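# A look at the structure
For reference, the chains in residue letters:
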Amino acid sequence: MASVEQIMKEALTLPSAARALLAEKLVESLEFDVDETLQTLWTDEAKKRRDEVRSGAVLPIPGEEALARVRQLLE
């Protein structure tokens, strides 16, 4: 059986789309105790934010800019 290091080394040679699919499948394979109430709240919040962006009520900013703002606040 291959070691984790060997598998990881091989996986990192895959094209990015294949690595993304592999990562998704690995995460799906983990067992999570999901709090349904919390999951519903997060889903509702995500939909609300999506709708705010779609309606133009909120303007999105690039991720790098958002991270730069957070870093500046933390300094």
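Cut-offs and rules
Residues numbered from 1 in each chain as written. Predicted model: local features only at pLDDT ≥ 70, side-chain atom pairs only at ≥ 80, totals over all residues. Heavy atoms only, no water. Helix = DSSP H or I, 4+ residues; strand = E, 2+ residues; numbered from the N terminus. Rg over C-alpha atoms; globule rule 2.2 N^0.38 Å. Buried < 20%, exposed > 50% of the residue type's maximum accessible area, 1.4 Å probe, protein only. Lys, Arg positive; Asp, Glu negative; His and termini not counted. Charge placed at Lys NZ, Arg CZ, Asp CG, Glu CD. Salt bridge = Lys/Arg side-chain N within 4 Å of Asp/Glu carboxyl O. Patch = residues over 30% accessible without salt bridge, like charges linked within 9 Å, V, L, I, M, F, W, Y side chains within 5 Å. Areas by Shrake-Rupley, 256 points an atom, 1.4 Å probe, with all protein chains shown as cover.

### Here's the deal with the overall build of the protein chain
For the protein chain, the count of helices and strands is four helices and zero strands. Along the protein chain, helices and strands appear, N-terminal first, in the series α-α-α-α. Expected size for 75 residues packed as a compact globule is a radius of gyration near 11 Å; at 19 Å, the protein chain overshoots this value by more than 25%. With the C-alpha coordinates aligned to their principal axes, the bounding extent of the protein chain is approximately 55 × 35 × 25 Å. Buried positions account for 1% of the 75 residues belonging to the protein chain. Once the 10 positive and 15 negative side-chain charges of the protein chain are each reduced to a mean point, those two points are 7 Å apart.

### Structural notes on the pattern of salt bridges
Counted by the stated rule, this structure contains five salt bridges. Among the ionic pairs, K25 bridges to E28, the shortest N-O distance being 3.7 Å. Placement of the pair is K25 and E28 together in helix α2 (residues 16-29), with a separation of three residues, close to one helical turn. Sharing partners across several salt bridges, the network here consists of E45, K48 and R49.

### Focus on the environment of A2
Relative to the assigned elements, A2 resides in the segment before α1 (4-11). Considered as a pair, A2 and D33 are 31 residues apart in the sequence and their alpha carbons are 29 Å apart.

### Concerning a nonpolar patch on the surface
A surface patch of nonpolar side chains, amounting to about 390 Å² of accessible area, comprises V27, L30, F32 and V34. Turning to its location among the elements, V27 is positioned in helix α2. By relative accessible area, V27 is classed as partly exposed at 48%.

### Some details on the environment of A68
Tracing the chain through its elements places A68 in helix α4 (residues 63-74). Owing to a relative accessible area of 41%, A68 belongs among the partly exposed residues under this scheme. On a C-alpha basis, the gap between A68 and L14 in space is 31 Å, while along the polypeptide they are 54 residues apart.

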